[in-house]
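A look at the structure
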Amino acid sequence: MMEIRTVGSFASALAVSGDGRTVVGSDTVIDGNGNGYEQAFRWVSNLADVNGDGFLNADDFDQFAAAFESGDPAGDFNHDSFVNGDDYDAFAEAFEAGC
Ligand SMILES: [Ca+2]
Ligand SMILES: [Ca+2]
């Protein structure tokens, strides 16, 4: 059995997308015999993780809903400069896809 060891940071990241939601790089992998080797990774966060904590849960829904209901720019989920039903639909789709 193989496990990926958490190094606690993206110190081995080679590139990060402009929005910071996609990271590519390499990490040390430890196999069942304790042997380590480098393996490439690609990490993409779910856009519905609006608080960016790496988990998709009610906290994200509540934070988005509060921004959406108040018309706050953070509720502009599709980044078209308007806060409307399209944003709610896009958020709901991303949220459901990530659950
Ligand atoms: Ca979250
Ligand atoms: Ca929008």
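Residues numbered from 1 in each chain as written. Chains lettered and ligands numbered in written order. Predicted model: local features only at pLDDT ≥ 70, side-chain atom pairs only at ≥ 80, totals over all residues.

**Observations regarding the nonpolar core**
Counting residues in hydrophobic clusters, the biggest one holds seven residues: Ala48, Val50, Leu56, Phe64, Phe77, Phe91 and Phe95. Aside from chain neighbours lying at most four places away, what touches Phe77 is Asp87, Ala90 and Phe91. (Core = buried A, V, L, I, M, F, W, Y, C linked by C-beta atoms within 7 Å. Buried ≥ 20, exposed ≤ 12 C-beta atoms within 10 Å, placed from the backbone. Contact = placed C-beta atoms within 7 Å.)

**A look at the pairing of strand E3 (residues 22-30)**
With three bridges joining them, strand E2 (residues 13-16) and E3 adopt antiparallel strand pairing. Note that in E3 the partner of Val16 across the bridge is Val23. In this antiparallel pair of consecutive strands, E3 and strand E4 (residues 36-44), the connection spans five residues, and Gly34 shows a positive phi of 85°. (Pairing = 2+ DSSP bridges. Helix = DSSP H or I, 4+ residues; strand = E, 2+ residues; numbered from the N terminus.)

**Describing helix H2 (residues 85-98)**
Here H2 is 14 residues long and its end C-alpha atoms lie 20 Å apart, about the 20 Å a rise of 1.5 Å per residue gives. Residues Asp87, Phe91 and Phe95 constitute the buried set of H2. End-on view of H2: buried residues confined to an arc of 60°, all on one side of the axis. Opposite the buried face of H2, at more than 90 degrees from it, the exposed residues are Gly85, Asp89, Glu96 and Ala97. In this fold, the buried residues of H2 make contact with helix H1 (58-70). (Expected span 1.5 Å × (residues − 1). Arc of directions from axis to C-beta.)

**Looking at H1**
In this model H1 runs 18 Å from its N-terminal to its C-terminal C-alpha over 13 residues, within 8% of the 18 Å that 1.5 Å per residue would give. Backbone geometry just downstream of H1 places Gly71 in the positive-phi region, at approximately 75°.

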